[in-house]
Amino acid sequence: YHAIADVILAHSLIRSFDEVDAQRTAVTGISWGGYLTCHVASLDDRFKAAVPVYGCGFLYEGESVQKPQIDGLPPERRQQWIEMYDPSSNLRRCRTPILFVNGTNDVHYPLDSYARSYALVRGPRTLRIEVNMPHGHPPGWAPKEIGLFVDQYLRDGKPLAKLSKPVVAEDRITVDYAAAVPLKSAALHFTTDGGLRSDRKWQSVPAEIEAGRIVAPKFPAGTTTWLITATDERGAMVSTVVGFVE
């Protein structure tokens, strides 16, 4: 909580500078910085936008590489860690517009924990989940969507596309969308693998873009996890929520 408090204090300091517009600030962080961004965006409502890159909660469940360390705590301390330090304890308070950026195979913030985390958010939420996105600082700051999302809320920039929850029928999947910048491509991504999520192989097939709707073929039998992405003419990509098949 010291790091969270320090970020909030730093925000107050920055907002006090004459050269800073105190009504137009945002926060972003990569990996553990994304973890902290989830906390801060939930606790400091002065931010107008937030972009956690890779970070999420529920690290005490699933396959996160942090889980063994958390499980190694005495039971009372483990419960205290979950209540005080895991982002799942705060994300339900988040009403700051937030862009979640992650990859399908991240070993630190796996998709099942990730999906549970973004589902807690009560404010505007956008997802950018990239197949096989590497984990690290250069790949973490590379996505152009980070700047576009912040500009959307701080500089009246053209917003990223908004995708609805996919509707699965017998032979296809449909997703309604709204886009200020025309979409140029869309795709269905899926894996039929089981085992560790970080080791699963993903496949991609193109989807059709119609007026206000994306139409993709239904994922094949045996699929375990899937999602749909859409990319606009700027090359900015967003994704749907992740689908899990029991």
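For the structure, check the block above.
Residues numbered from 1 in each chain as written. Predicted model: local features only at pLDDT ≥ 70, side-chain atom pairs only at ≥ 80, totals over all residues. Heavy atoms only, no water.

Draft legend 1. Representation of the environment of proline 217 within the structure. Mapped onto the fold, proline 217 is located in strand β11 (residues 213-217). Judged by relative accessible area, proline 217 falls into the partly exposed class, the value being 37%. Sequence-wise, proline 217 and alanine 207 are 10 residues apart; in three dimensions their C-alpha atoms are separated by 7.1 Å. With residues up to four places along the chain from it excluded, the contact list for proline 217 reads Asp171, Arg172, Ile173, Leu188, Val205 and Pro206. (Helix = DSSP H or I, 4+ residues; strand = E, 2+ residues; numbered from the N terminus. Buried < 20%, exposed > 50% of the residue type's maximum accessible area, 1.4 Å probe, protein only. Contact = heavy atoms within 4.5 Å.)

Draft legend 2. Summary view of the packing of aromatic side chains. One pass over the structure, following the stated rule, counts nine aromatic pairs. The interplanar angle of 0° and the centroid separation of 6.4 Å between the aromatic rings of tyrosine 1 and tyrosine 85 together place this pair among those described as stacked. With tyrosine 1 in the segment before α1 (2-16) and tyrosine 85 in the loop between α4 (75-84) and β3 (98-103), this pair connects stretches of sequence that are 84 residues apart. Residue tyrosine 85 is classed as partly exposed on the basis of its relative accessible area, which comes to 23%. (Phe/Tyr/Trp six-rings, centres within 6.5 Å; stacked < 30°, edge-to-face > 60°.)

Draft legend 3. Expanded view of helix α2 (residues 32-43). Here α2 spans 17 Å end to end across 12 residues, near enough to the 16 Å set by a 1.5 Å rise per residue. Counting buried residues along α2, nine of its 12 residues qualify, which places the element largely inside the surrounding structure. Every buried residue of α2 is accounted for by Gly34, Tyr35, Leu36, Thr37, Cys38, His39, Val40, Ala41 and Ser42. Those residues of α2 hidden inside the fold are in contact with α1, β1 (26-30), β2 (49-53), α4 and β3. (Expected span 1.5 Å × (residues − 1).)

Draft legend 4. Quick look at the layout of surface pockets. Its volume calculated, the largest pocket comes out at about 230 Å³. Lining the largest pocket are 17 residues, with Arg125, Leu127, Leu163, Thr240 and Val241 sitting closest to its centre. Elements that contribute at least two residues to the lining of the largest pocket include exactly α5 (111-118), β4 (125-130), β5 (162-163) and β13 (237-239). At three residues, β4 tops the list of elements feeding residues into the lining of the largest pocket. (1 Å grid on protein atoms, 1.4 Å probe; cavity = no way out; pocket = protein on both sides within 12 Å on 5 of 7 lines; lining within 4 Å. Points joined across faces, edges and corners; volume = space filled by probe spheres on them.)

Draft legend 5. Looking closely at unusual backbone geometry. Within the chain, serine 31 stands out as a residue other than glycine whose phi angle is a positive 60°. Of note, serine 31 is situated in the loop between β1 and α2.

Draft legend 6. Representation of the environment of asparagine 105 in the model. The topology assignment puts asparagine 105 in the loop between β3 and α5. The buried category is assigned to asparagine 105, whose relative accessible area is 14%. Sequence-wise, asparagine 105 and glutamate 130 are 25 residues apart; in three dimensions their C-alpha atoms are separated by 9.0 Å. Excluding its chain neighbours within four sequence positions, the residues that come into contact with asparagine 105 are Asn132, Arg197, Ser198, Asp199, Arg200 and Trp202. Separated by 3.3 Å, the side chain of asparagine 105 and the backbone oxygen of arginine 197 make a polar contact. (Polar contact = N/O pair within 3.5 Å; in protein donor to acceptor, adjacent residues only side chain to side chain.)

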